[in-house]
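Structure assessment
This is what each chain is made of:
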Amino acid sequence: MTTLYSGSLVPFAVLLWPLLVGLAPIVPRWRQDALRLLPLAPLPALVFALAGAPGAVVLPDLMLGVELAGVPDAALFLGMTALVWTIAGWYAALSMTRGTEAGIFAGFWCLTLAGNLGVFLAADVITFYLAFAAVSLAAWFLVVHDRTDAALRAGRVYIVLAVLGEAALLSGLMIGAAEASDLQIATVRDAFAEAPLGQLGVALLIAGFGIKAGMVPLHVWLPLAHPAAPVAGSAVLSGAIVKAGLIGMVLFVPEGTGWGTVLIVLGLVGAFGAALWGLTQRNPKAVLAYSTVSQMGLLLALVGAGSEGVAYFALHHGLAKAALFLCVGVMVLSASTYQRRVVLGLAAVLGLSVAGLPLTGGALAKLAAKEGVGDIFALAVTMSSVTTTLVLGWFLICLAGGGAKTRAAPAWQSLFAGVVVLAASALTVPWVLWSGVVALPPDYPLRPANLLDGVWPVLVGLALLVLIHRAPVAEHPPGDLLLLTKGWALRPPGYSLLAWRGRRNRPQMLLRLMLRVKHGERWLLHWPVAGSVLMGVALVLAVLVGLSR
């Protein structure tokens, strides 16, 4: 007699419940109010994570055999993901317009959620790939929901990269699976060392996961999608969905190979370069998007360096960044000066936490991440606090500069309460988990050397922010590399590139070139050029860190 399953069905129920909730819009009478169900979809996963993500299940007759068992540190990833989706769902239910389009949004919201949870529970490559495809492709509907020109353009870029990423991921998994004795993730990862095209397979996996994780130079969808998506969609994109790419790197990239150095180099370039490019934005959500690229770059570098604090760091980042995106939405809905000041104050505390100010959750996350990765890399993590402070300080300036509404949203207090819950979790949960998750003494965050190590980068970042605020850099649309490839961002003001044409004689070209020399200083001060120089410095630092491993 065939056994339908073995083990506990709880992990399967955690994935099945959001899918069932997502079917609600199929019923016409429920479609109008489907948004109200969104906060309920992640609750079983949240309870499961709080219980420590226990149990596993094997369903041999489902597909090629489905096995669900928590990945390393599954409780941290699942808890963060479920809480972010719960509060973002609460925000969506209270703020978004109801109707048929909202029903479509709710359905794909739940499908994306199920995929997001699935990548942290899958133990075999088939289940992992299907979950990754669900979170990747279904999220397109969250990006384009508003149907604005910006949303549709962002959606085009997103779906092209998502499909390319899925193709790369599938090809890479097939290379590993062809050599492996079974379809377990651990077995497939180890098989890349012996596979004839093993190195190509790993490269394809890094490309596929890197697109989702916002790894430079595959990040270009992220600063376009985040500003265009509804606020709730931006919160889950930045807080939880990008972590699907991160867990893919953790699970599949073999340890002790040169690929770790690749992740370190590209990660640190993103960590510093994306934060600096964020200073060219005026839309608060676009600034936060570049901050996410920066923080994800730091996380990818930590994966490459073999840090044991990746999940702990990702938990804080996911909670804090989702709360910051929701702060943008609550600020837009604020009418009184008091409401705006309260939201701005909460966003400032969160920003300081992400930057690593001592005694905040972010400070603990950075201390845990730096443990055991080497002095040079630890210094790079510390230095990243300078650019994080700079870009999030710039975010606060942009957030404060938005116009005020004449009338507050009816549910403003409830919306703000949800953000407070998420922010409080980002600030306190790392403290609660410190002794049980991090192998460092309880008093380690309070030691004077660590307090000083966390304070001075924030102070330097604030000082640079004052200078930037007095002489702000030029504003550019989000998209960076997309703009650079078109040659738009590299043109100095008032300068037309001299095309080499046969009908132009060389003396004229030389004369024109000499007349342009006097504009050299202004060209070098133009932000795309200066930013490129700064990214070059970041690249040199990243290479030095990689070579020092």
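Provided above is the structure to which this section pertains.
This text gives an overview of the structure that appears in the document. (Residues numbered from 1 in each chain as written. Predicted model: local features only at pLDDT ≥ 70, side-chain atom pairs only at ≥ 80, totals over all residues. Heavy atoms only, no water.)

Right, let's talk about the packing of helix H6 (residues 125-137) against helix H8 (residues 149-179) for a bit. For the pair H6 and H8, the least separation of the axes is 10 Å and the interaxial angle reads 175°. On the basis of the axis angle, H6 is roughly antiparallel to H8. In this structure, H6 uses Val125, Tyr129, Phe132, Ala133, Val135, Ser136 and Leu137 to contact H8, whose residues at the interface are Tyr158, Ile159, Ala162, Val163, Glu166, Leu169, Leu170 and Leu173. Split into classes, the residues belonging to the contact of H6 with H8 amount to 13 nonpolar, 1 polar and 1 charged. (Axes fitted to C-alpha atoms, helices over the stretch in contact; angles between N-to-C directions. Helix = DSSP H or I, 4+ residues; strand = E, 2+ residues; numbered from the N terminus. Parallel < 35°, antiparallel > 145°, perpendicular 65-115°, else oblique. Contact = heavy atoms within 4.5 Å. Nonpolar A, V, L, I, M, F, W, Y, C, P; charged D, E, K, R; others polar.)

So, on to the side chain of Ser136. Here Ser136 shows up in helix H6. Ser136 sits in the buried class, given a relative accessible area of 2%. Those residues in contact with Ser136 that lie beyond four places of it in its chain are Tyr158, Ala162, Glu166 and Lys212. (Buried < 20%, exposed > 50% of the residue type's maximum accessible area, 1.4 Å probe, protein only.)

Before going further, it helps to spend a moment on the nonpolar core. With 174 residues, the main nonpolar core has Trp109, Phe128 and Trp221 as its most contacted residues. For this core, the element with the most residues is helix H15 (residues 310-332), which contributes 17 residues. Sequence-distant contacts of Trp109, that is, excluding residues within four places in its chain, are made with Leu38, Trp85, Ala88, Gly89, Leu142, Ala232, Gly233 and Val236. (Core = buried A, V, L, I, M, F, W, Y, C linked by side-chain atoms within 4.5 Å.)

This part is about the sheet that holds strand E3 (residues 66-69). Taken in spatial order, the 3 strands of this open sheet run E1-E2-E3, and their pairing is antiparallel. The open sheet is flanked by strand E1 (6-7) and E3, the only strands paired with a single partner. Relative to strand E2 (residues 56-59), E1 is paired through 2 bridges, and the arrangement is antiparallel. Among the inter-strand pairings, Ser6 is bridged to a residue of E2, identified as Val58. (Pairing = 2+ DSSP bridges.)

Counted according to the given criterion, the structure contains 13 aromatic pairs. Ring centres 4.9 Å apart and planes at 85° place the aromatic pair Trp140 and Phe141 in the edge-to-face group. By relative accessible area, which is 27% here, Phe141 ends up partly exposed. Put simply, the rings of Phe128, Phe132, Phe209 and Phe252 pair up and form one aromatic cluster. In this arrangement the basic side chain of Lys212 is found over the ring face of Trp221, its NZ or CZ atom lying 5.3 Å from the centre. (Phe/Tyr/Trp six-rings, centres within 6.5 Å; stacked < 30°, edge-to-face > 60°. Lys NZ or Arg CZ within 6 Å of the ring centre and 35° of its normal.)

Before going further, it helps to spend a moment on the pairing of E2. Of the two faces of E2, only one is covered, namely that formed by Val57 and Leu59; the face formed by Ala56 and Val58 stays uncovered. Bridge count between E2 and E3: 4 bridges; the pairing is antiparallel. Within E3, the residue paired with Ala56 across the bridge is Ala69.

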